[in-house]
Amino acid sequence: MSIQWFPGHMHRARKQIALVMAKVDVVIEVLDARLPGYSENPLLRELRGPRPCLKVLNKSDLADPAVTASWMDFYRECGTVPMEISATSPKDAKRILAILPGMVKERNFLMQPVNCLIVGIPNVGKSTLMNTLVGRKVARAANQAAITTKQKRVHIGDELTLYDTPGVLWPKIVSATASYMLAGSGAVRETAMDNAEVAARVGDYLLREYPILLQERYKLAELPLEGLELLEALGKKRGCLIKGGEVDVTKAAGILLNELRAGQIGRISLQKPPAPKAA
Ligand SMILES: Nc1nc2c(ncn2[C@@H]2O[C@H](COP(=O)(O)OP(=O)(O)OP(=O)(O)O)[C@@H](O)[C@H]2O)c(=O)[nH]1
Ligand SMILES: [Mg+2]
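Throughout what follows, the structure given in this document is the object of discussion. Given the structure is predicted, the values throughout are model-derived calculations rather than measurements.

Quick notes on the rules
Residues numbered from 1 in each chain as written. Chains lettered and ligands numbered in written order. Predicted model: local features only at pLDDT ≥ 70, side-chain atom pairs only at ≥ 80, totals over all residues. Heavy atoms only, no water. Buried < 20%, exposed > 50% of the residue type's maximum accessible area, 1.4 Å probe, protein only. Helix = DSSP H or I, 4+ residues; strand = E, 2+ residues; numbered from the N terminus. Pairing = 2+ DSSP bridges. Near = heavy atom within 4 Å. Polar contact = N/O pair within 3.5 Å; in protein donor to acceptor, adjacent residues only side chain to side chain. Areas by Shrake-Rupley, 256 points an atom, 1.4 Å probe, with all protein chains shown as cover. Nonpolar A, V, L, I, M, F, W, Y, C, P; charged D, E, K, R; others polar. Phe/Tyr/Trp six-rings, centres within 6.5 Å; stacked < 30°, edge-to-face > 60°. Donors = N, O, S within 2.8 Å, 3.2 Å for Na, K, Ca; no water. Axes fitted to C-alpha atoms, helices over the stretch in contact; angles between N-to-C directions. Parallel < 35°, antiparallel > 145°, perpendicular 65-115°, else oblique. Left-handed = near helix turned anticlockwise from the far one by under 90°. Contact = heavy atoms within 4.5 Å. Core = buried A, V, L, I, M, F, W, Y, C linked by side-chain atoms within 4.5 Å. Domains from an automatic or database assignment.

This part takes up the pairing of strand S6 (residues 160-164). Counted residue by residue, S6 has 5 buried out of 5 residues, so it is predominantly covered. Burial along S6 is two-sided: Leu 160, Leu 162 and Asp 164 and Thr 161 and Tyr 163, pointing in opposite directions, are all buried. Pairing of strand S4 (residues 114-120) with S6 involves 5 bridges; the strand directions are parallel. Each bridged residue has a counterpart across the sheet, and for Cys 116 the counterpart in S6 is Leu 162. Across 5 bridges, the pairing between strand S5 (residues 152-156) and S6 is antiparallel. Note that in S6 the partner of Ile 156 across the bridge is Leu 160.

To continue, consider the site of ligand 1. The local shell around ligand 1 holds 22 residues, among which Lys 126, Thr 128, Ala 146, Ile 147 and Thr 148 are the closest. Interatomic distance of 3.0 Å between a side-chain N/O atom of Asn 58 and an oxygen atom of ligand 1. In the environment of ligand 1, an oxygen atom lies 2.9 Å from a nitrogen or oxygen atom belonging to the backbone of Gly 125. Computed on the free molecule, ligand 1 has an accessible area of 650 Å², of which 87% lies beneath the protein chains in the complex. For the shell around ligand 1, the leading source of residues is helix H5 (residues 126-134), giving 3 residues. Within the shell around ligand 1, the residues separate by chemical class into 9 nonpolar, 10 polar and 3 charged.

Counted under the stated rule, the structure contains 3 aromatic pairs. Summarising the aromatic geometry, the rings of Trp 71 and Tyr 75 are spaced 5.8 Å apart at their centres and angled 25 degrees between planes, so their arrangement reads as stacked. Taken together, the residues Trp 71 and Tyr 75, both in helix H3 (residues 65-77) and 4 residues apart, mark about one turn of the helix. Look at Tyr 75 and you get buried, because its relative accessible area is 3%. Both rings, one in Phe 74 and one in Tyr 75, keep their centres 5.3 Å apart while their planes meet at 75 degrees; by these two values the pair is edge-to-face.

Before going further, it helps to spend a moment on the coordination of the magnesium ion (ligand 2). Ser 127 (OG) and Thr 148 (OG1) make up the full set of protein donors to the magnesium ion (ligand 2), lying at 2.0 to 2.1 Å. With Ser 127 in helix H5 and Thr 148 in the loop between H5 and S5, this pair connects stretches of sequence that are 21 residues apart. Look at Ser 127 and you get buried, because its relative accessible area is 7%.

Turning to the packing of helix H8 (residues 211-218) against helix H10 (residues 249-261), a few remarks are in order. Packing of H8 against H10 brings their axes to within 13 Å, and their N-to-C directions diverge by 115 degrees. Put simply, H8 runs roughly perpendicular to H10. Pair H8 / H10 crosses with right-handed handedness. Side by side, H8 and H10 meet where Leu 214, Arg 217 and Tyr 218 of the first sit next to Ile 255, Leu 256 and Glu 259 of the second. Of the residues contributing to the contact of H8 with H10, the split by class is 4 nonpolar, no polar and 2 charged.

Let us now look at the nonpolar core. Of all hydrophobic cores here, the largest spans 92 residues; its most connected members are Ile 28, Val 56, Ile 96, Leu 129, Leu 206, Leu 256 and Leu 270. For this core, the element with the most residues is helix H7 (residues 195-209), which contributes 8 residues. Mapped onto the domain boundaries, this core takes at least three residues apiece from domain 1 (8-164) and domain 2 (194-261). Not counting residues within four places of it along the chain, the set of residues in contact with Ile 28 comprises Leu 54, Val 56, Ile 96, Leu 100, Cys 116, Leu 117, Ile 118, Val 119, Leu 129 and Leu 133.

Our next topic: the packing of helix H4 (residues 90-103) against H5. The interhelical angle for the contact between H4 and H5, taken along N-to-C directions, is 80 degrees, at an axis separation of 9 Å. With respect to each other, H4 and H5 are oriented roughly perpendicular. For the pair H4 and H5, the contacting residues are Pro 90, Ala 93, Ile 96 and Leu 97 in the first and Leu 129, Thr 132 and Leu 133 in the second.

This is the structure we're talking about:
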């Protein structure tokens, strides 16, 4: 499976981002801490060009802390300033507001507010972060990909202007693993993917990386070897049956994905950073 989900509003968002970029001083790129690499949009990297960029690894409360720590090291080694955050945390918002001014390149028009663009793929928490940075609800946020469909500008005093932008993917996500993990994380509308296929592939990964969490959550005496078998075992436990006593795999897939996204299985990361190159 490779994902091709680039609806009309994403085309428009891309154009709007390109237009506003000329006056942007600093970019906040919101990544998903559970899969920072896969959630980094190459299209947005191209659009922002050489502008200073603060990479925030959001939803860190859902991610495996040890894996997030290795991502932080990875980004630091790449010469980037990363920040591990939860977009709902006012404390984290304060840390961001403190770091931004120092990132802005010197310019002639010092009397102008700093223009800061918040970008990222769908459902990573851009609007939530905007609300926390502003200190009140200015943008709608909800647990579904593509909630924001129009750019929104908000001033914080005279010093800072923030722009929230719609989540943007890229026209074709070629890597199958990236597609499955992004879909599993909640970055893709469910109408654009096959839930059972995604849950089975994410299940394969969870069985490999987080077997104990699965065993505890679903009270499984024995762990199956494959994601599809996991869905069947989970479906039986949760009574997702259809006529003839067979498991309703689509329903079981919905349970696995929803519980994963809500952090109910435990703190889980869906991607590890690349291993450091040998010296
Ligand atoms: N657990 C957790 N949930 C978060 C965090 N940040 C955002 N969320 C949730 O993630 C969901 C998506 O948040 P939004 O702020 O709407 O995401 P967005 O990036 O603006 O999404 P689009 O506008 O669709 O691109 C909401 O249910 C938020 O409550 C976080 O740090 N931790
Ligand atoms: Mg939004």
